[in-house]
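# Observations on the model geometry
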Amino acid sequence: MERYVSLRKLLLGVVTILVFNLCIVLQSTVAEEKKGVTEEILEILKSEGTITEEQYNELMKKAKEEREEEPKDFRVYWKEGIRLDSKDKQFKMKIGGRTQIDWNWIGDDQDIKDAFPNFGGHGVEFRRARIYFEGTIYDSTFFKSQFDFAGGDVDFKDVYIGLKKVPVVGQITAGHQKEPFSLNELTSSKYITFMERALPNAFAPGRNTGIKLNNSQLEDRMTWAVGAFENVDDTGDAFADFSDYNVTARVTGLPWYADEGKKLIHLGLSYSHQFRSGNNNPTRYRNRPETHNTSVRLVDTGDISADDADLINPEVALVYGPFSLQGEYFYATLDNDEDFDFSGFYAFASYFLTGESRKYSASKGYFGRVKPKENFHQTKGGWGAWEVGVRYSYLDLEDGGIKGGKESNVTLGLNWYLNPNVRWMFNYIYVDVDDRDSVGRAIDNGNANIFQTRLQIDF
Amino acid sequence: MERYVSLRKLLLGVVTILVFNLCIVLQSTVAEEKKGVTEEILEILKSEGTITEEQYNELMKKAKEEREEEPKDFRVYWKEGIRLDSKDKQFKMKIGGRTQIDWNWIGDDQDIKDAFPNFGGHGVEFRRARIYFEGTIYDSTFFKSQFDFAGGDVDFKDVYIGLKKVPVVGQITAGHQKEPFSLNELTSSKYITFMERALPNAFAPGRNTGIKLNNSQLEDRMTWAVGAFENVDDTGDAFADFSDYNVTARVTGLPWYADEGKKLIHLGLSYSHQFRSGNNNPTRYRNRPETHNTSVRLVDTGDISADDADLINPEVALVYGPFSLQGEYFYATLDNDEDFDFSGFYAFASYFLTGESRKYSASKGYFGRVKPKENFHQTKGGWGAWEVGVRYSYLDLEDGGIKGGKESNVTLGLNWYLNPNVRWMFNYIYVDVDDRDSVGRAIDNGNANIFQTRLQIDF
Amino acid sequence: MERYVSLRKLLLGVVTILVFNLCIVLQSTVAEEKKGVTEEILEILKSEGTITEEQYNELMKKAKEEREEEPKDFRVYWKEGIRLDSKDKQFKMKIGGRTQIDWNWIGDDQDIKDAFPNFGGHGVEFRRARIYFEGTIYDSTFFKSQFDFAGGDVDFKDVYIGLKKVPVVGQITAGHQKEPFSLNELTSSKYITFMERALPNAFAPGRNTGIKLNNSQLEDRMTWAVGAFENVDDTGDAFADFSDYNVTARVTGLPWYADEGKKLIHLGLSYSHQFRSGNNNPTRYRNRPETHNTSVRLVDTGDISADDADLINPEVALVYGPFSLQGEYFYATLDNDEDFDFSGFYAFASYFLTGESRKYSASKGYFGRVKPKENFHQTKGGWGAWEVGVRYSYLDLEDGGIKGGKESNVTLGLNWYLNPNVRWMFNYIYVDVDDRDSVGRAIDNGNANIFQTRLQIDF
């Protein structure tokens, strides 16, 4: 069934729901009395007179006990990962991890070589190596503890505690988590279409420690999230930087949603106000050229003393069966004696040769796991899912006296989904950098070619 | 039922039990033949002549097989954590973790600011972020492997292997573990009443690598533990410091124990002799002001060259329904050319507004998990457990030429237990420091106010 | 049954199998229709006329549903570790870890003291502290993620993704893994007979990141493995060292295999060609004196600028019931303006006083877990397995101008296997070092005595 919701209705709906959710009445579902086959046999034996009323009662009680399971016992099963659900549904746990192994080859021209002699070459890297615990306990309290071991130290990647089923606000999450900003950033690295997020992701605040409220409305036709976060290090900690925090919000809507998500238009808008402490904690935008195993950032503003920063990010996506489009624009403005404005955008198209669709989570407002129609098996047949994609991304870090450079990348991608949990990715990137003269490195007009491939498992 | 045991009886009991335990006879429990309902139906069908003797025998065998489970299969269930128990009870595993997120605000006066300019301010910190495996295998061998990822490195927090059900000694544990010293130290950070342990915990040796024997006696009316430990780093390692080891022992008793532990008096005494290697590995006592997200220790002896140290620690606790008292005194004496004596103590009271009691583990001699009478649920009702507490703690690190200062803290605490596994804590601390002139920092009479809050999940 | 296979047959077999494996036909096993007891009771009740045809059909359907299990549900059980197998056998997971706690005591003579003043002494060390996830998903994709926390950072120890059941090649494994070189190196540290691998293990490349193919042939009478690997750091990463990679291969065979592996002769040969980049990444061979908790390497070539290295390693092992012999020879030759040759070997004998045999994995070509005939239990009786061993090992790092020294060690070992997962090891090592004059340290003729013990659990 195809449904259409106008923007006006969406906005009206938000207000309506924020007000009326307060009156939510929770219906407790009465568990229906169910009988097992053995109990039915006893019924028959009684009605036939084979057993006495007394025997019947005793055996019925025993049969019921046999059939009934401990409410706190877990059903342990595989569903794209190891899951444990308690029989009474109050406890649900997931235990798992992800591994991404990247190989990259970088070839650069003389202009870049002059600025970064160690940029070109070949590398292999464990891009991510994570384990996690995740769960809901006592029906409504949830948590996640995810750690990344890539590089030999422990980085926190979502370590939080929260409440769900909260009237009006839906979910409250406290701890280390992603700020609600940018479709590309919020889509897990397990599910992004290209190996690295697009260049202007340089502006996305990523994960910080704070408190977030979020919910979905209008039968999942829209989502909203808002939070306050402190700027923290890789393990979620900070001290004495009280003035460095962010208030970030995102709202998304689905004006078109059909075929159970195989056809949809997604619109979104994120905004972040960032309180900054000038030189005490300088602001800096930069990014790698969409390949991770290098320390080189071809564009880089260098340190800027700012009192405030404002980030704006409109996003749009279309899914039409196997075909998909996605784009975002990013705008950052820094306030101090002098103001600086930077911006960037990206757009990409993807197509599943094998007919799958990108999977959109309507309750969250971003993309999730692709499941091949047929898993790959080297002897039993089956070829998995195959996706091709092309992306253009642009990042402009030049304004006033800041000559951070401009970079545009064109990426061709090929993804092979062997099964829902294993993916092999191939990316070719053409890099073009202009007008950089910052952080002691100048690139007038430099180009590079990058080829990279990633083998990934997650569960 | 209320029971009273005199000290004389306690001591007599210890000797008696140490001798007679050698004669322990292990009774193997004979598994009673149990029948399922299907088997009983078969009995009836046979007695009715509905099935033949042959059919009966065949089906009975099959029914028994159906009902019987593999002895090494795990029952997986939730009991304040994820547990796996094998059907034959020989294997019991737990997999879990804990997360503590702290926010603190420190305000200090000029006296402290002069000594520590970076003390005041606000911070957020993942105080603990742990995962663990724990279990018993082959009925009597046990182990634990717990790692803390807070701060981005891996700290060992209990990594040991042991034997239980050992005649006389009960349990032998080898590896990284807590030395048996101090009720406050031995009570897990998951269960302590205030966010940080009291100031004189500065003397507690904490975790080291060594071998410990421990047992409980007199129907759990007393516990004892003794061990030898080497001073190790955060990952349990040491080399070439053979002369730096500790012999530590603790004994506890329950002169009064009633209402299944809801009413009790606990007495305990710990002692540690610490062999030290003078200047090769100096001895130093210091502590943070009962807040962790600061590197500042307001009292600090600095390095002392000692050949030996002796630590004595008497402890007392009372539980009377929702009301509880607890206190400990610490005394440390260092031997060298000159002797130094330091000391400290704390006392606190706690009261559960919602009627719960602090949970005492009689077999271990310290406190455990509080379970709310009613879990919090934001829509179904239930408010969890609420506890208020007040603590006074004192640490005197001044003796002879050592002017480490004296600190006394008053703490007001409020704990909200949403359910057995989630706790939200609030602490206000008034800090008073006098007469410090060590490690290049002098505080004549300084004061500080600290507010801090912790969100915690453990399972 | 005893079988004998000539070398000629082995070689012929390899070729035959490599060709004919392409024609592998996969037989799908038809699941037999099985009835539960309740269903059989229903059959009887119907035939007796107690229930109608309609009742019968309805109840049969329900009974079948009750009995049938979800195909993706896991059976969770203990088999030398925690295992999860899905009912449809497509998913098999293991979650576990290992802990090894070492205590060592080193006594050295004046000759060594002069060169290494800090060599002698006592230490305690967590030698390994690992956790891992391992599994097969969707029938043929497999993975392992194992991390070692010893020392406080995270080292990668097998982090890979692979395909099994591949025609001809058997298994393809991509990621961080051991290069197929040396029986001693490939046998897990959980199962090696002495606490540390022998001196000439200095030549074994160990783990690197790359791609490996391996398979077993001739009904597991031979195995082969070949791979290409890049030289990486402890977390599997490298950049810009494209010229530093290794091509490594190993082939093993069982000319004699009887009594289900309790009697066998194993022959093996490994070869590695290592492309090196001269001074950019110097080659160096050195080793600790078969004890780990010291940074001292008594023999050490120092840095050598090499363009290529070739390693050759023949291996032989005999198992004859409780008795076992094992030996390997290592030869390394480095190519540059000047060539250098180094070598080493070891041989050991082991005997199980309690009658067990070392466990050989015929499909892998190296040794695995020993299971005691009777587990140790401190009250129920049972003494576990006891093994004694003696080893001689030799490493010669002297050639041309390289005076890295020669070391020979004699080790006496005693292993107590309490149960399949817990082992307590004792080693005494007599160390003899001659003719070293490298890396600024000279040892003319030095001796040392080392005693060490290890407590180990793995699952």
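These remarks concern the structure in this document. (Residues numbered from 1 in each chain as written. Chains lettered and ligands numbered in written order. Predicted model: local features only at pLDDT ≥ 70, side-chain atom pairs only at ≥ 80, totals over all residues. Heavy atoms only, no water.)

### Comments concerning the relation of the copies chain A and chain C
Both copies of the chain are related by a screw-like operation: a rotation about an axis and a shift along it. Aligned on chain C, chain A shows an RMSD of 0.4 Å; the corresponding rotation is 120 degrees and the shift along the axis is 0.2 Å. Here the copies are linked by what is in effect a three-fold axis. Ranked by how close their C-alpha atoms come to the rotation axis, the residues of chain A are headed by D153 of chain A, at 3.3 Å. The residues that chain A uses at the interface reappear at the interface of chain C in only 16% of cases, marking distinct surfaces. (Least-squares fit on C-alpha atoms with pLDDT ≥ 70 in both. Contact = heavy atoms within 4.5 Å.)

### Observations regarding the interface of chain A and chain C
Counting from both sides, the interface comprises 57 residues of chain A and, opposite them, 56 residues of chain C. Broken down residue by residue, the surface that chain A buries against chain C is led by V37, W78 and F126 of chain A, which jointly contribute 16%. The interface formed by chain A and chain C holds two salt bridges in total. D139 of chain C serves as the salt-bridge partner of K380 of chain A, at 2.9 Å between the closest nitrogen and oxygen. Remark: the boundary between chain A and chain C carries 16 residue pairs in polar contact (both at pLDDT 80 or more). Those elements that place two or more of their residues in the side of chain A that touches chain C are α2 (37-47), β2 (74-78), β4 (92-108), β5 (121-137), β22 (402-419) and β24 (441-458) of chain A. For the side of chain A that touches chain C, the residue count by class is 28 nonpolar, 20 polar and nine charged. In terms of strand pairing, β5 of chain A meets strand β11 (residues 238-239) of chain C through two bridges, oriented antiparallel. Counted as the bridge partner of V124 of chain A is A238 of chain C from β11 of chain C. (Buried area = accessible area lost by both parts, 1.4 Å probe. Salt bridge = Lys/Arg side-chain N within 4 Å of Asp/Glu carboxyl O. Polar contact = N/O pair within 3.5 Å; in protein donor to acceptor, adjacent residues only side chain to side chain. Helix = DSSP H or I, 4+ residues; strand = E, 2+ residues; numbered from the N terminus. Nonpolar A, V, L, I, M, F, W, Y, C, P; charged D, E, K, R; others polar. Pairing = 2+ DSSP bridges.)

### Here we look at a nonpolar patch on the surface
Residues and elements named next belong to chain A. Taken together, the side chains of W105, Y329, F345, V390, Y392, V410, L412, Y428, Y430 and F451 make up a nonpolar region of the molecular surface, amounting to roughly 830 Å² of accessible area. Counting residues per element, the ones that place at least two in the nonpolar patch are β21 (385-399), β22 and β23 (422-438). With respect to the secondary-structure elements, F451 resides in strand β24. (Patch = residues over 30% accessible without salt bridge, like charges linked within 9 Å, V, L, I, M, F, W, Y side chains within 5 Å. Areas by Shrake-Rupley, 256 points an atom, 1.4 Å probe, with all protein chains shown as cover.)

### Looking at the pairing of strand β12 (residues 245-258) of chain C
Residue and element names in this part refer to chain C. Summarising burial for β12: ten of the 14 residues are buried, a large majority. As defined by bridge partners, β12 adjoins strand β13 (residues 263-275) across twelve bridges and the pair is classed as antiparallel. For R250, the partnering residue across the bridge sits in β13 and is S270. The hairpin formed by β12 and β13 contains four residues between the paired strands, and D259 there has a positive phi angle of roughly 50 degrees. (Buried < 20%, exposed > 50% of the residue type's maximum accessible area, 1.4 Å probe, protein only.)

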